[in-house]
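Summary of the model geometry
Letter by letter, the chains look like this.
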Amino acid sequence: MKKLSLLVIVILTVFSCSNKKKTAYLNYLKGVSKSKLKDHNGAIADYTKAIELNPNNATAYSNRGFEKKVLKDYDGAIVDFTEAIALAPKFMEAYYMRGSSKARLKDYNGAIADYNKAIELNPNYSMAYSNRAAVKFKLEDYGGAIVDFTKTIALEPNDDVYYYRGKSKRNLKDYDGAIADFTKAIALAPTDTPPSDLSGVYYYIGTSKFYLGDTNGACSDWKKSAKLGDEFAAKL
């Protein structure tokens, strides 16, 4: 009789654990759905329920961290990404997003350390290179930024990366290189790019040409910038 009672207890415990995991997963899926609907607070609530029922779900912590990051709760996001990494040390997206959150809090060295780890786990992680470059740019490490922007371009070229690599080159007085990158940025810009964005690129092309002694070329690009809405360029 005692053996039978013990067996029943074991079966009920297993069944209860199984049900907990199923309920946890359902809450996790609800969180994913609410995230897609941009109900970030609702998603956080569901991920929290999932974590309470299954505290070993690294993805639930990471997803909750992402929602907190969207809501600009960067400290809370970092806590969740750190927990996700503790559960899954090779979780490259968690390192990347924790790095992004640290950058928002101006912990630039901490951000670079996390981007380094994400890149170590995936050497082709273009966004990690791009974000690390942006942090290096803020730290005025323009040479380091150029290296990372160049790697990003090799993996996934786009207008923004060329633009910021151009700015890095311009800050290092490589005006020819800057002009080439700014020109490429304009060529790759999506058709719905706001004119105000393009005006700034033409302005920088103009200043680069000016520093190279090409006054006529500079004036031509400043006029383009002015036509696109740059008030400062219009005064030149």
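Residues numbered from 1 in each chain as written. Predicted model: local features only at pLDDT ≥ 70, side-chain atom pairs only at ≥ 80, totals over all residues. Heavy atoms only, no water.

Residues Ala84, Tyr96, Tyr115, Ala118, Tyr125, Ala128 and Val135 are the most contacted members of the largest nonpolar core, which totals 29 residues. Grouped together as the second largest cluster of nonpolar side chains are 21 residues, Ala133, Ala145, Ile179 and Tyr204 included. (Core = buried A, V, L, I, M, F, W, Y, C linked by side-chain atoms within 4.5 Å. Buried < 20%, exposed > 50% of the residue type's maximum accessible area, 1.4 Å probe, protein only.)

We now examine the confidence of the model for the protein. With 92% of its residues at a pLDDT of 70 or more, the protein has an overall mean of 91. With pLDDT under 50 throughout, residues 1-17 is counted as low confidence; its partners more than four residues away or in other chains account for zero contacts. (pLDDT = per-residue confidence, 0-100. Contact = heavy atoms within 4.5 Å.)

Attention now goes to the side chain of Thr152. For Thr152, the position within the fold is in helix α8 (residues 142-155). On the basis of relative accessible area, Thr152 is assigned to the buried category, the value being 2%. Once you skip the residues sitting within four places of it in the chain, Thr152 turns out to touch Ser126, Tyr129, Ser130, Pro157 and Val161. (Helix = DSSP H or I, 4+ residues; strand = E, 2+ residues; numbered from the N terminus.)

Turning our attention to unusual backbone geometry. Even without being glycine, Lys38 reaches a positive phi, approximately 65°. In this structure, Lys38 sits in the loop between α1 (2-36) and α2 (40-53). You can call Lys38 exposed: its relative accessible area is 64%. A positive phi angle is found at Lys173, which is not glycine, with a value near 65°. In this structure, Lys173 sits in the loop between α9 (159-171) and α10 (175-188).

Here the focus is the pattern of salt bridges. What the rule picks out here adds up to twelve salt bridges. A salt bridge links Lys30 to Asp46, with the nearest nitrogen and oxygen atoms 3.9 Å apart. You can see Lys30 sitting in helix α1 and its partner Asp46 sitting in helix α2, a full 16 residues away along the chain. Take Lys30: its relative accessible area is 40%, and that puts it in the partly exposed class. Overall, the relative accessible area of 2% leaves Asp46 in the buried class. As a salt-bridge pair, Lys102 and Asp114 come within 3.1 Å of each other at their nearest N and O atoms. Of this pair, Lys102 sits in helix α5 (residues 92-104) while Asp114 sits in helix α6 (residues 108-121), and the two are twelve residues apart along the sequence. This pair shows no difference in class: Lys102 is buried, exactly as Asp114 is. A network of salt bridges, in which partner residues are shared, links Lys30, Lys34 and Asp46. (Salt bridge = Lys/Arg side-chain N within 4 Å of Asp/Glu carboxyl O.)

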